Structures are given as structure tokens and as C-alpha cells.
Amino acid sequence: MTERPATGALPDILVAAIALIRDRRVLMVTARGRDVWFMPGGKIDAGETEADAAVREAWEEVAVRLDPATLVPLFTVLIQAHGEPAGRLVRMSVFGAETPDEPAASAEVSAVHWATSADESRCPPAGVEVLRRLHAADLID
């Protein structure tokens, strides 16, 4: 994890994401106009809980309906934010999710991917950390 600078720290970017795991792979997406793989998720809106944000973003990005009450908090990643100035961290709350729905790319994403730890090179720092933790927990290959 990245340590926070002692002075002049920028505020963390607060996001929530889902870890939808099937067949020892986790769902990831490519945002339109980007070339890296991200966890389905996004910024938490004012007045929104982390779980509510994860549910909203899952619908917006991969067209799956989730119930916030069924999400399982897994962990929070605090690491350098991709494409941001040095010291700007992303604080991503990751929730385990299950759904019978088949994820599909939406207007916000160009593609969905089923990733393993072997896909770290395709991910920004937060995605790499999520893949490492899910692999260490023996949830993905």
C-alpha cells in the first residue's frame, strides 16, 4: 500500500466496487476510451452508502441488479490513484457480490473481462491490489 504524504495531501478519491467471482475469475471492465481493466464500481455520491454506490455502479457499468443487503464487505484498498498526481490516493471499498444476471458492457464500459491474478499487468494499482488479495484468499486463480 502507498503511504500518505505528511503534508499537502490531496483528499482520497472514495469509490466502491464489486467483486463478482465465477469459476475462480473476477469480473473486471474496460472503461470507454481507456485501455486498462478496472473493478466494476465508481465514486460514492453525496448521501450514498458504500454498498448503495456499489449497487448503482454495477447496474450502470455491467447491467446487473444487486441488493445492497446481500453484498459482503471484503476489504478496502488504499493506494495511488491511476492517472492522478503522486500522493492522490483512491480508497476503494470492495464488496463480494452474487447475481444470476450475465454481466454486459453498458454505455460506460466497452468490454467485460473475467480476470485472474495473471492479468495484473492489465490493471491500474488498485486493480492489481484487488487481484492479489483475492488470489491470496484463494478466491481466484
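In this text, all values refer to a predicted model and were calculated from it rather than measured experimentally.

Parameters at a glance
Residues numbered from 1 in each chain as written. Predicted model: local features only at pLDDT ≥ 70, side-chain atom pairs only at ≥ 80, totals over all residues. Heavy atoms only, no water. Helix = DSSP H or I, 4+ residues; strand = E, 2+ residues; numbered from the N terminus. Rg over C-alpha atoms; globule rule 2.2 N^0.38 Å. Buried < 20%, exposed > 50% of the residue type's maximum accessible area, 1.4 Å probe, protein only. Contact = heavy atoms within 4.5 Å. Areas by Shrake-Rupley, 256 points an atom, 1.4 Å probe, with all protein chains shown as cover. Lys, Arg positive; Asp, Glu negative; His and termini not counted. Charge placed at Lys NZ, Arg CZ, Asp CG, Glu CD. pLDDT = per-residue confidence, 0-100. Expected span 1.5 Å × (residues − 1).

A. Highlighting the overall build of the chain. Scanning the chain from terminus to terminus reveals two helices and seven strands. Scanning the chain from its N terminus toward the C terminus, one meets helices and strands in the order β-β-β-β-α-β-β-β-α. Scaling as 2.2 N^0.38, a compact globule of 141 residues should have a C-alpha radius of gyration of about 14 Å, and the chain matches this with 14 Å. Its C-alpha atoms put the chain at 45 × 35 × 30 Å along the principal axes. Taken over 141 residues, the chain has a buried fraction of 46%. Across the chain, the fraction of contacts at a sequence separation of at least 24, relative to all contacts at a separation of at least 6, is 67%. Put simply, the chain shows about 7,200 Å² of open surface, and 52% of that area lies on carbon and sulfur atoms. One finds the centroid of the 14 positive side-chain charges in the chain at a distance of 4 Å from the centroid of its 22 negative side-chain charges.

B. Inspection of the confidence of the model for the chain at higher detail. Scored by pLDDT, the chain has a mean of 91; 94% of the residues are at 70 or more. Considering only residues more than four positions removed or in separate chains, one finds that residues 1–7, a stretch of pLDDT under 50, has 13 contacts.

C. Broad picture of helix 1 (residues 50–62). Along its 13 residues, helix 1 runs 18 Å from first to last C-alpha, staying within 8% of the 18 Å computed at 1.5 Å per residue. Along helix 1, the residues classified as buried are A51, A53, A54, V55, E57, A58, E61 and V62. Where the residues of helix 1 are buried, they touch strand 1 (13–22), strand 2 (25–31), strand 4 (41–43), strand 6 (89–97) and strand 7 (109–115). Following helix 1 by one or two positions, A63 adopts a phi angle in the positive range, close to 55 degrees.

D. Structural detail: the environment of V26. Within the secondary structure, V26 is located in strand 2. In this structure V26 comes out as buried when scored by relative accessible area, which is 0%. Expressed as a C-alpha distance, the spacing of V26 and W59, which sit 33 residues apart in the sequence, is 17 Å.

E. Local environment of the environment of V128. Relative to the elements of secondary structure, V128 occurs in helix 2 (residues 125–136). Along the chain, V128 and G41 lie 87 residues apart, while their C-alpha atoms are 15 Å from each other. Residue contacts for V128: discarding those within four places in its chain leaves E120 and C123.

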